[in-house]
Amino acid sequence: MTKENTLDTTIERLVELMDLEVIEENIFRGESQDIGSPQVFGGQVLGQALMAASRTVEDRLVHSLHAYFLRRGDFEAPIVYEVDRARDGGSFSNRRIIAVQHGEQIFNMTASFQKPEDGLEHQSKMPEVKPPNELEDLVDLIKPEWVEQLPGRIKRMLTRRRPFEVRPVEIPHFLTNKTREPIKHSWIRANGKVPDHEGLHQALLAYVSDYDLLTTAILPHGTNLMQNRFQMASLDHAMWFHKPMMIDQWMLFAYESTRSSGSRGFARAEIFSQDGTLIASTSQEGLMRVRRQSTKT
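The structure displayed is predicted, hence computed values, not measured ones.

1. Some points on the overall build of the protein
If you tally the helices and strands in the protein, you get six helices and twelve strands. Across the protein, the fraction of contacts at a sequence separation of at least 24, relative to all contacts at a separation of at least 6, is 74%.

2. Some remarks on unusual backbone geometry
The backbone of Asp-59 shows a phi angle near 60 degrees, a positive value even though the residue is not glycine. Positionally, Asp-59 belongs in the loop between helix 3 (42–54) and strand 3 (61–69). A residue is classified by how much of its surface remains accessible, and Asp-59, at 67% relative accessible area, is exposed. In this structure, His-102 takes a positive phi of about 55 degrees despite not being glycine.

3. Points about the pattern of salt bridges
Counted under the stated rule, the structure contains 15 salt bridges. A salt bridge links Asp-212 to Lys-184, with the shortest nitrogen-to-oxygen separation between them at 3.0 Å. With Asp-212 in the loop between helix 6 (198–209) and strand 9 (230–241) and Lys-184 in strand 8 (residues 183–190), this residue pair connects regions lying 28 residues apart in the sequence. Between Arg-264 and Glu-285 there is a salt bridge, and its shortest N-O distance comes to 3.0 Å. Of this pair, Arg-264 sits in strand 11 (residues 264–273) while Glu-285 sits in strand 12 (residues 278–290); the two residues are 21 residues apart in sequence, bridging distant segments of the chain. Here the residues in one salt-bridge network are Arg-13, Glu-16 and Glu-31, joined through shared partners.

4. Some words on the pairing of strand 2 (residues 27–30)
Residues Phe-28 and Gly-30 of strand 2 are buried on one face, while the alternating residues Ile-27 and Arg-29, pointing to the opposite face, are not. Hairpin connection, strand 1 (residues 21–24) to strand 2: the antiparallel pair is bridged by two residues, and Asn-26 has positive phi, about 75 degrees. For strand 2 and strand 4 (residues 79–88), the ladder comprises four bridges, and the chain directions are antiparallel. Within the sheet, the bridge partner assigned to Ile-27 lies in strand 4 and is Glu-82.

Cut-offs applied
- Residues numbered from 1 in each chain as written.
- Predicted model: local features only at pLDDT ≥ 70, side-chain atom pairs only at ≥ 80, totals over all residues.
- Heavy atoms only, no water.
- Helix = DSSP H or I, 4+ residues; strand = E, 2+ residues; numbered from the N terminus.
- Contact = heavy atoms within 4.5 Å.
- Buried < 20%, exposed > 50% of the residue type's maximum accessible area, 1.4 Å probe, protein only.
- Salt bridge = Lys/Arg side-chain N within 4 Å of Asp/Glu carboxyl O.
- Pairing = 2+ DSSP bridges.

This is the structure in structure tokens:
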């Protein structure tokens, strides 16, 4: 893996990262990517683990996953995914996935798959917000002089080509230090055409579900990237897939945080297609530790 490849953050490169190498039966290897964060982005591990599990299932699509982040991932090294075929029933299949790097577990996940079938339906209503064509892309909201004040990794993350377009409905948390209700909305879609493979679209949705979810929990506390006051890290992640979707079409992510305590924040999101269909739900708890400011005597 070349350094040039690790710096390529286009949607085409992300699709390549989801195409795992088969080591032997039930064991896969995926490359890691530097997107500007200090460690492997959690969404990458989610997406690759889901792709590994999907490769062991036929004629069934994932309907839920539950995952734990155990250690920081090293983007300089590949990740090995070991899949346990826990159960194959008449309608459902269950898989347990372990991600290993440098001889240690960095992540584990359980995923459940189901044969498509019809049944009773209801859903919550999509929030009424501005459509994506009336909003600016996230990068266009950031003034150049602000970017120059950011740490090097964050600066690179914001100025590179990105695999997803993000159009926030409200002003992003890192552009203001005002407190507000822990609710926000963003329109998101892949920045380019993605091959027509439903399992791949689901894996990429798992990837992007980790974007900016946990930061919803800091909105009532007033902070931004320039202040650098918080240590934040994902602890666990759950997701439910309700309907087929296309990752290269606009989706509304409706985020909400209902609680923070014990240096942990909890956030959840409902994900809607542009026509108002609830396609997925996700939730996450993460470390949200206030850094103590050093004092000189």
